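Descriptive structure summary
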Amino acid sequence: MESNSIVEGVVVVLVILLIIFLISRNKKDRKKMDEEITKSEIDPAKHNRKHV
């Protein structure tokens, strides 16, 4: 029974590490997406009304 608790402990640690990895990856992707959106937006002061 002792080996079962060791395996369960390893699985729990791996799941926690996976969750931490996914959260950090999500924050990185969100930051990258926000930067791309900001770059793609048109500045209203520089926008020419003739083309609207």
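Here the structure is shown first, and the text comes after it.
None of the values given here were measured: they were computed from a predicted structure.

A word on the overall build of the protein. Looking only at helices and strands, one finds 1 helix and 0 strands in the protein. Out of the 52 residues in the protein, the part that is buried amounts to 0%. Here the protein displays about 5500 Å² of accessible surface, and carbon together with sulfur accounts for 63% of that area.

In this section: the pattern of salt bridges. Here the structure, examined in full by the defined rule, presents 1 salt bridge. Among the salt bridges present, the one from D29 reaches R25, with a minimum N-O distance of 3.9 Å. Taken together, the residues span about one helical turn, with D29 and R25 both in helix 1 (residues 2-40) at a distance of 4 residues. Residue classification places D29 among the partly exposed positions, given a relative accessible area of 38%.

To continue, consider a nonpolar patch on the surface. Where nonpolar side chains cluster on the molecular surface, the patch consists of I6, V10, V12, V13, L14, I16, L17 and I20 and spans about 740 Å² of accessible area. Position of V13 among the secondary structure elements: in helix 1. Under the relative-accessibility criterion, V13 is labelled partly exposed at 47%.

The rules behind the values
Residues numbered from 1 in each chain as written. Predicted model: local features only at pLDDT ≥ 70, side-chain atom pairs only at ≥ 80, totals over all residues. Heavy atoms only, no water. Helix = DSSP H or I, 4+ residues; strand = E, 2+ residues; numbered from the N terminus. Buried < 20%, exposed > 50% of the residue type's maximum accessible area, 1.4 Å probe, protein only. Areas by Shrake-Rupley, 256 points an atom, 1.4 Å probe, with all protein chains shown as cover. Salt bridge = Lys/Arg side-chain N within 4 Å of Asp/Glu carboxyl O. Patch = residues over 30% accessible without salt bridge, like charges linked within 9 Å, V, L, I, M, F, W, Y side chains within 5 Å.

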